[in-house]
Structures are given as C-alpha cells and as structure tokens.
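Analysis of the macromolecular model
What follows is each chain in one-letter form.
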Amino acid sequence: MHDAHQNDSKKAIGIFDSGLGGLTVLKEIAKLLPGEDLVYFGDSGRTPYGTKSKDTVIRYTQQDINFLLSQNVKMIVIACNTASACSLDIVSEKYHVPVVEVVGPGSRAASRVTKNNSIAVIGTSATISSHVYEKALKKINPAITYVGKACPLFVPLVEEGWWDKKITEDVIAEYLGNLKCSNPDTLILGCTHYPLLQSAIAKVLGPDINLVNSAGAVAAEVKEVLIKENLLRISDGDNIHHGRVSYFTSDSVEKFASLGSMFLGKELDNVTKIDIDAY
Ligand code: DGL
C-alpha cells in the first residue's frame, strides 16, 4: 500500500442528508465499520429537499459535499435519496474522492428479495418524479414491474418524532391504501427518513410485503468501495482505533441533538452548527 493511501485511509468518511434521516445510514456504517471516523452533516435548516426543484437540490447537494470536503474526508456518502436522485449524474464524475449513493444499493437489495418481480417504491416527490428507481430496477432486471408513490408528509412526521402515533398510521393508510392493487411483494423505503416509520408501515400493510431499508446495503457498498480504493482504515497492530463521530447541522444544535439521539438511541454530544451558505 502506498504511503499516500495509508494516510488517506485515516481520514473520516463524510455522510450527509437533508436532516436527520441519514442517521439511519450512519448507524449501519458505524456498526459495520466501527474503526472508521465519521463526519455527518444534516441540513436541517433547509429540510425538506423532497419538495424542492431539481436545480435547488443539486445546488444544496454541491454545498453539502463542499462542506464535507472541507473536513478532509476520504469518501462521500449521499445518505439522501432525493439528493441521490437529483444529482447522481453530476456528482459521480466531479469529485476526487469516491461518492456512494443510496439508489443503486437499495434497488439491488430489493431485486434480490422479490419473488414475483413486482416492486413498489415510496419516496419524496422529487425522488418519485425523477424515476431513478424505475430505471435502476429495470436495468437490473427488465422483467420487474414498478409502481412509485410519493409520500411528502412522511418526512415532516419523522422530523417531528411522530413515528408511531395514530395520526401517522392514518397518513400511511391514506398514501399506501391502494398499493396492494399492483400486487407488489417488496416495498423499497426510498427515503432515508422512512426506516423510522418502518413498524408503522408494516402494521398498515401487513405481513405479505417485504420492506427494504437500504441502509445496510449502503454500508456494505461503502466497505466494498473503501477496500477497492485502498482506503479502509486498518488497525496498527494492537492499537485498535475506535471510530469517532462528529455531527454538524445548519439549524438548532439542541433540536438536532435531542431528535438525533432518539434516532440513534444514544446521546449526541458533539454537534456543531455551521453556515452552509458559506460553502
Ligand atoms: N431523507 C431524504 C431522502 O432520502 C430527504 C427527505 C427530504 O428532505 O425531503 O429523500
């Protein structure tokens, strides 16, 4: 291994989302790669992204990546389906560090699970209207039939911490009541906020539909890319490094820390507010 790579491997992995949803991806990465330092940016001051235009989401995405690069990260993880859907073609070519997104890993995971090749995807309005999942699934297997449904109220419910309230189940039933007509056996949670609603969604839809949370598949892809690029952090002998996580937000530190700790099931003590417009 070259020295440059050895040094680069000690750098952190940068992860971002429009808010707290990407913490579902961070959690899986931290579980799979406990020796890696992580830098997380949640753009809570400008959330949601899913109701904004493609141009706006691309601009936000570029600023989020610029911020993470200013933290000297070795890799970027776009832990946001909306940002992935709107800007994938642009970002994959543009940066000197590897970029991992969420649509590819989620689609591959769902295609392995389905038995009847009928897959439904739920996401923000921007993600669903981009048709990225439809394209990704058909590329994997042209026989897959796809149905997409935008659920714009889910993100505010999650950001509010209303994961298992009666009103949340009613909203889920309203959006997904007709889904069964298309007979999908697999549903991709195509927004990194939605795993927080997974139990409520499962309760409304019943046991016949597999719910695919792509966070685990994204973490596996992160590890694969780090290995391929010689960027995986390896311990020096007995000197085991325990990964540190730094959190940044564009909104209230207190709100991020209190809701974030509910997401992760542990206290978040090192949250810093930044001015994302400066990047
Ligand atoms: N968590 C994000 C996603 O995966 C964005 C939600 C939003 O900001 O609208 O789509």
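Above this text sits the structure in question.
Now for a look at the structure at hand. Because the structure is predicted, anything quoted here is derived from the model rather than measured.

Quick look at the packing of helix H5 (residues 103-113) against helix H7 (residues 132-140) now. In contact at an axis separation of 9 Å, H5 and H7 are set at 50 degrees when each is read in the N-to-C sense. Relative to H7, the element H5 is oriented oblique. With respect to the hand of their crossing, H5 and H7 are arranged in right-handed fashion. For the pair formed by H5 and H7, the contact residues are Val-103, Ser-107, Arg-108 and Ser-111 on the first element and Val-132, Tyr-133, Ala-136, Leu-137 and Ile-140 on the second. Among the residues making up the contact of H5 with H7, the classes are represented as six nonpolar, two polar and one charged.

What follows deals with the side chain of Asp-17. Looking at the element boundaries, Asp-17 is found in strand S1 (residues 13-17). Here Asp-17 is buried and forms no salt bridge, its nearest opposite-charge partner Arg-46 lying at an N-O distance of 12 Å. Apart from the residues lying within four places of it in its own chain, the contact partners of Asp-17 are Gly-22, Tyr-40, Phe-41, Gly-42, Asp-43, Ala-79, Cys-80, Thr-192 and His-193.

For the ligand, the set of nearby residues contains 14 residues, the closest of which are Ser-18, Tyr-49, Asn-81, Thr-82 and His-193. His-193 places a side-chain nitrogen or oxygen 2.6 Å from a nitrogen atom of the ligand. In isolation the ligand exposes 300 Å². Once the protein is present, 99% of that is buried.

Strand order in the open sheet made by the four strands is S6-S5-S7-S8, with parallel pairing throughout. The open sheet has two free edges, formed respectively by strand S6 (145-150) and strand S8 (210-212), since each of these has just one partner strand. Strand-to-strand twist across the sheet, computed as the mean angle between neighbouring axes with direction ignored, equals 25 degrees. Pairing geometry for strand S5 (residues 118-123) and S6, over six bridges, is parallel. Note that in S6 the partner of Gly-123 across the bridge is Ala-150. The strands touched by H7 are S5, S6 and strand S7 (186-189); relative to S6, the strand with the most contacts, the crossing angle is about 160 degrees.

The biggest cluster of nonpolar side chains holds 56 residues, and the ones touching the most others in it are Ile-13, Ile-29, Phe-154, Leu-187, Ile-201, Val-222 and Tyr-247. Top contributing element to this core by residue count: helix H11 (residues 215-228), with six residues. Setting aside residues no more than four positions away along its own chain, Phe-154 makes contact with Ile-122, Val-171, Ile-172, Tyr-175, Tyr-194, Leu-197 and Ile-201. Core analysis: the second largest hydrophobic core is formed by 24 residues, Ile-58, Val-73, Cys-86 and Ile-276 among them.

We now examine the sheet that holds S1. Strand order across the open sheet formed by six strands is S4-S3-S1-S2-S9-S10, with parallel pairing between neighbours. Across the chains shown, the open sheet's two edge strands, defined by having one partner strand only, are strand S4 (99-100) and strand S10 (271-273). With two bridges connecting them, strand S3 (residues 75-78) and S4 associate as parallel partners. Of the residues in S4, the one forming a bridge with Ile-76 is Val-99.

Parameters at a glance
Residues numbered from 1 in each chain as written. Predicted model: local features only at pLDDT ≥ 70, side-chain atom pairs only at ≥ 80, totals over all residues. Heavy atoms only, no water. Axes fitted to C-alpha atoms, helices over the stretch in contact; angles between N-to-C directions. Helix = DSSP H or I, 4+ residues; strand = E, 2+ residues; numbered from the N terminus. Parallel < 35°, antiparallel > 145°, perpendicular 65-115°, else oblique. Left-handed = near helix turned anticlockwise from the far one by under 90°. Contact = heavy atoms within 4.5 Å. Nonpolar A, V, L, I, M, F, W, Y, C, P; charged D, E, K, R; others polar. Buried < 20%, exposed > 50% of the residue type's maximum accessible area, 1.4 Å probe, protein only. Lys, Arg positive; Asp, Glu negative; His and termini not counted. Salt bridge = Lys/Arg side-chain N within 4 Å of Asp/Glu carboxyl O. Near = heavy atom within 4 Å. Polar contact = N/O pair within 3.5 Å; in protein donor to acceptor, adjacent residues only side chain to side chain. Areas by Shrake-Rupley, 256 points an atom, 1.4 Å probe, with all protein chains shown as cover. Pairing = 2+ DSSP bridges. Core = buried A, V, L, I, M, F, W, Y, C linked by side-chain atoms within 4.5 Å.

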